[in-house]
Amino acid sequence: GKGLPMGQAVSQGLSSVVATGRKIIRQPNLRLFLFARMIFTDGAITLFSMGATYAAIRHGMGLEQIILFGILLNVTAGAGSMLFGFVDDRIGAKRVIIISLVCLIVLGIPGLTTPYWLPDATATWAFIGFGAALGIFVGPLQSAGRSFMARLAPADQRTEYFGFLALTGKATTFLGPFAVATVTIMTGNMDIGMMPILVFWAVGLFLMLRVKDETAPE
């Protein structure tokens, strides 16, 4: 866009990325937030990526049911994002993230254990209900993370900071499915195997409680 030769544009771009990375490293609060987001995002991504497999194996849901369930999750996630957008404006993104994580943990425990306290048919419907409720808080968890970064990043460097935000959201996405698969194989129980998702959220919550709610540096 600036009319620079390709080599010079690439060189300047890489130099800018390195400089931004160094700035982030020198900001302990921002580092902690990015690490916390990486952990709790892994939990959310794992829920969506492994949820269909869990629904099929544990609850015997067919392809059509799973597709409808996926649509329902996305609808509730979108509705939650819109609703908590107003809450974010009033109480701040950090509190929205903490509220979302607490609700995800509280709903996730009964949602992943329905076969143990309900008959099979009822357990499946309860699982769908809890899944839809989880979607309400998964949406704002992700949108509030972006909102919080917007508050922390300097106005003239938000694009670069959001690049690092995207990186932390993708760099370790394999950990969640790997943890679920490993625990499932070790225990022979997929209900227990899904529990690492709750662990990711709990660790993310613990770290977010230590993050300071501050505005971008001047």
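A short tour of the structure in this document, coming up. Being a predicted model, the structure only gives us computed values, none of them experimental.

### Re the side chain of Asp42
Inference 1: With respect to the element layout, Asp42 can be found in helix 2 (residues 28–59).
Inference 2: One buried charged side chain, Asp42, makes no salt bridge at all; its nearest oppositely charged neighbour is Arg37, positioned 8.4 Å away.
Inference 3: Separated by 2.8 Å, the side chains of Asp42 and Thr172 make a polar contact.

### So, helix 2
Inference 1: Taking 1.5 Å as the rise per residue, helix 2 with 32 residues should run 46 Å; its terminal C-alpha atoms sit 44 Å apart, in good agreement.
Inference 2: The sharpest bend along helix 2 measures roughly 45 degrees and falls at Met50.
Inference 3: Looking one or two residues beyond helix 2, the residue adopting positive phi is Gly60, at roughly 65 degrees.

### Overview of the packing of helix 4 (residues 93–111) against helix 10 (residues 196–208)
A packed helix pair is summarised by two numbers, namely the angle formed by the two axes and the spacing between the axes.
Inference 1: Here helix 4 crosses helix 10 at 150 degrees, and the two axes come no closer than 10 Å. When the axis of helix 4 is compared with that of helix 10, the two are roughly antiparallel. Helix-helix and strand crossings are classified by hand; for helix 4 and helix 10 the assignment is left-handed. The residues of helix 10 that touch helix 4, namely those facing Lys94, Ile97, Ile98, Leu101, Val102, Leu104, Ile105, Gly108 and Ile109, are Leu198, Trp201, Ala202, Gly204, Leu205 and Met208.
Inference 2: For the contact of helix 4 with helix 10, the per-class residue count stands at 12 nonpolar, two polar and one charged.

### A few points about the nonpolar core
Inference 1: Core analysis: the biggest nonpolar cluster contains 55 residues, and Phe33, Ile97, Trp201 and Met208 have the highest contact counts within it.
Inference 2: Sorting the residues of this core by element identifies helix 2, helix 3 (63–91), helix 4, helix 6 (120–152), helix 7 (158–170), helix 8 (175–187) and helix 10 as the ones contributing at least two each.
Inference 3: Element by element, the count of residues in this core is highest for helix 6, at 13 residues.
Inference 4: In contact with Met208, other than residues within four places in its own chain, are Phe33, Ala36, Phe40, Lys94, Ile97, Ile98 and Leu101.

Rules of the game
Residues numbered from 1 in each chain as written. Predicted model: local features only at pLDDT ≥ 70, side-chain atom pairs only at ≥ 80, totals over all residues. Heavy atoms only, no water. Helix = DSSP H or I, 4+ residues; strand = E, 2+ residues; numbered from the N terminus. Buried < 20%, exposed > 50% of the residue type's maximum accessible area, 1.4 Å probe, protein only. Lys, Arg positive; Asp, Glu negative; His and termini not counted. Salt bridge = Lys/Arg side-chain N within 4 Å of Asp/Glu carboxyl O. Polar contact = N/O pair within 3.5 Å; in protein donor to acceptor, adjacent residues only side chain to side chain. Expected span 1.5 Å × (residues − 1). Bend = angle between axes of the 7 residues up to and from the residue. Axes fitted to C-alpha atoms, helices over the stretch in contact; angles between N-to-C directions. Parallel < 35°, antiparallel > 145°, perpendicular 65-115°, else oblique. Left-handed = near helix turned anticlockwise from the far one by under 90°. Contact = heavy atoms within 4.5 Å. Nonpolar A, V, L, I, M, F, W, Y, C, P; charged D, E, K, R; others polar. Core = buried A, V, L, I, M, F, W, Y, C linked by side-chain atoms within 4.5 Å.

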